[in-house]
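# Per-entry structural report
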Amino acid sequence: MGALRVGFISLGCCKNLVDSQNIITLLMQEGYRVSSTYEGADVVIVNTCGFIEDSVRESLEVIGEALDHCPNVIVTGCLGPSRDLILGSWPQVKAITGPHSAPAVLEEMRRLFALPEGFPRGRVPPGGILLTPPHYAYLKISEGCSNKCTFCIIPKLRGPLESFPGEDLVARARNYVSRGVKELMVVAQDTSAYGIDRGYPGFLGHERGDLYALMEELAKLGVWLRVHYAYPYPHVTRLIEMMAAGKVLPYMDVPFQHASRHMMQLMKRPGDAERILDTVSGWRKICPDITIRSSFIVGFPGETEDDFRELLDFVREIRLDRVGCFTFSPMAGAPASTMPDQVPEEVKQERYSRFMEVQQQISKEKMQAKRGTVQEVLVDTVDENGIISRTRADAPEIDGVMYLHAPDGFRVRPGDLLRARVTDSDEYDLEGDIIIP
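Just so we're clear, the structure is a prediction, and the values are computed from it rather than from any experiment.

About the cut-offs
- Residues numbered from 1 in each chain as written.
- Predicted model: local features only at pLDDT ≥ 70, side-chain atom pairs only at ≥ 80, totals over all residues.
- Heavy atoms only, no water.
- Core = buried A, V, L, I, M, F, W, Y, C linked by side-chain atoms within 4.5 Å.
- Buried < 20%, exposed > 50% of the residue type's maximum accessible area, 1.4 Å probe, protein only.
- Contact = heavy atoms within 4.5 Å.
- Helix = DSSP H or I, 4+ residues; strand = E, 2+ residues; numbered from the N terminus.
- Pairing = 2+ DSSP bridges.
- Axes fitted to C-alpha atoms, helices over the stretch in contact; angles between N-to-C directions.

Here the focus is the nonpolar core. Among the nonpolar cores identified, the biggest contains 58 residues, and Met215, Leu239, Met252, Trp283 and Phe355 are the most heavily contacted of them. Residue contacts for Met252: discarding those within four places in its chain leaves Ala230, Val236, Leu239, Ile240, Met243, Trp283, Ile290, Thr291, Ile292 and Arg293. Within the second largest apolar cluster, 24 residues are counted, among which are Ile9, Val44, Ala66 and Leu157.

Before going further, it helps to examine the side chain of Arg293. Within the fold, Arg293 resides in strand β12 (residues 291-298). Take Arg293: its relative accessible area is 11%, and that puts it in the buried class. If sequence neighbours within four positions are ignored, Arg293 has contacts with Tyr251, Met252, Asp253, Val254, Arg322, Val323, Gly324, Ile398 and Asp399.

Another aspect to go through is the sheet that holds strand β1 (residues 5-10). The parallel open sheet is built from five strands, whose spatial order is β2-β1-β3-β4-β5. Every other strand in the sheet has two partners, leaving β2 (33-35) and β5 (95-96) as the edge strands with one partner each. Across three bridges, β1 lies against β2 in parallel orientation. Among the inter-strand pairings, Arg5 is bridged to a residue of β2, identified as Arg33. On the sheet, helix α4 (residues 102-112) packs against β1, β3 (43-48), β4 (73-77) and β5 and is oriented at approximately 165° with respect to β4.

As summarised here, the arrangement of the five strands in space is β14-β15-β16-β18-β17, forming a closed barrel in which the pairing is mixed. Along the sheet, successive strands turn relative to each other by an average axial angle of 50°, direction set aside. Sheet analysis places strand β15 (residues 386-391) next to strand β16 (residues 402-405), joined by three bridges and oriented antiparallel. When the sheet's bridge partners are listed, Ile388 is paired in β16 with Tyr403.

Here it is in C-alpha cells:
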C-alpha cells in the first residue's frame with residue numbers, strides 16, 4: 001500500500017497558516033503524503049476561517065468544492081466550533097475539529113484513514129513544514145485572546161490567551177534561520193500581551209518572560225524581525241526603543257479600529273483620538289523612521305456622521321504609513337451584531353470610499369517622499385515578469401512592494417538582501433535600481 005494522499009486547503013490569516021503548517025508537519029511525520037490540490041487526493045482537509053460572515057461563506061463554499069472532488073473531507077479551523085452550521089450544509093463531512101488542534105486532526109486521520117502498522121514515517125525539516133516562501137516565516141507566539149472587543153469572536157473561537165513557552169519559540173526560530181529564513185514575523189492575536197497569562201515565567205536567563213525578553217533572544221539571530229498585532233499599551237514603548245536600537249524592524253502593526261471616543265467605548269477598545277495621537281507622537285520621537293500600520297472599521301453600529309468625520313480628521317492628522325479599512329460585518333456571537341443603530345449597508349460603503357480616498361492621498365505622498373532614497377530590500381520573487389522585493393516598511397501580502405531593475409549580468413535570487421535607490425512610486429508601491437555592492 002502506498003502512502004495515503006492528503007489534499008490540504010488553508011484559508012484565513014497568517015495565524016491560521018501556522019496552524020496548517022503544524023497539522024501538515026504531524027501528518028507528514030506519520031507517513032501521509034500531503035499536497036495543496038484536490039487532484040488524486042484520498043482525503044481532503046480544509047482549515048477554515050470563520051472570523052466574519054464573508055469568511056464563513058468562503059469556508060462553506062470550499063468545503064463543498066472539496067466534496068465535489070473527494071468524498072472524504074475533514075474540516076478543521078475557526079469554523080470548527082460551528083459544527084451544526086457545517087453539517088447543516090454538508091452532512092457528508094467525515095470529521096470536524098476546532099482551531100489550533102493539530103493533534104486532534106491527526107487522531108481523526110488515524111481513526112478514519114489509518115496507515116498500516118510499521119508504515120515508514122516521513123521526515124520533515126527542523127522546525128517543521130513551512131507554507132511560506134523559504135526566506136520568510138511566521139512565528140506564532142500565543143493562541144487565543146482575552147480582550148473583549150464587541151466586534152470580534154476570536155475569544156469564543158480560539159479561547160483566552162495562551163502564550164507558548166519562550167524556549168520553544170526561540171528553538172523554532174533558530175531552526176527556521178538555519179534553513180535560510182531571512183525574515184521572522186512574530187504574530188498573535190495580541191503580541192504585546194505575551195506571557196501575561198502565565199505570569200511571565202523566565203526563560204534563557206531572563207527573569208521576566210515577556211515580549212521584550214523574547215524579542216531580545218530573537219534579535220540575536222540576525223534576521224529581519226517584524227512584530228504584528230500589538231495593542232498600544234504603555235509598555236509597548238519598550239518595543240519602539242528596540243526598533244530604534246536596530247534589534248527589531250521599525251514597523252509597528254497596531255489595529256486602532258477607530259478614533260471617536262464614543263465608538264471606541266462601543267467597541268470596547270482602548271484610547272481615543274487624542275491619546276492615540278500622543279502615543280504615536282511619542283513613538284515617532286523615539287524612532288523617527290518607524291512605519292506604522294493600522295486597521296479601522298467604518299459603519300460600526302451607532303457610528304454617526306460626526307463620529308466618522310472625527311475619524312477622517314484623525315486619519316489626516318496622524319498620517320499613518322499603512323492602513324486597512326473594513327466595513328462592519330455582523331457575525332453570529334459578536335455582541336456588536338445585535339447592538340441597536342445598525343448602519344445601513346449603503347452608508348457603510350459610502351464611508352469606506354471616503355475613508356480610502358483620504359488615506360490613499362496620504363499614502364501617495366508618503367511614497368513620493370521616498371523617491372531618491374536608498375532602501376534595504378528583501379527579494380521575494382524573480383521571474384520573467386521582473387524582480388519584486390519589499391522594503392523594511394513592507395510586510396508580505398498586506399503591504400506594498402518594490403519593483404527592482406538589476407544591472408546587466410547582475411544575478412538576483414529570492415531571499416537576497418540588497419540595497420536599491422527609489423526612482424518612482426505610486427499610491428502603494430515603489431520602483432528602484434539595485435545598487436551593486
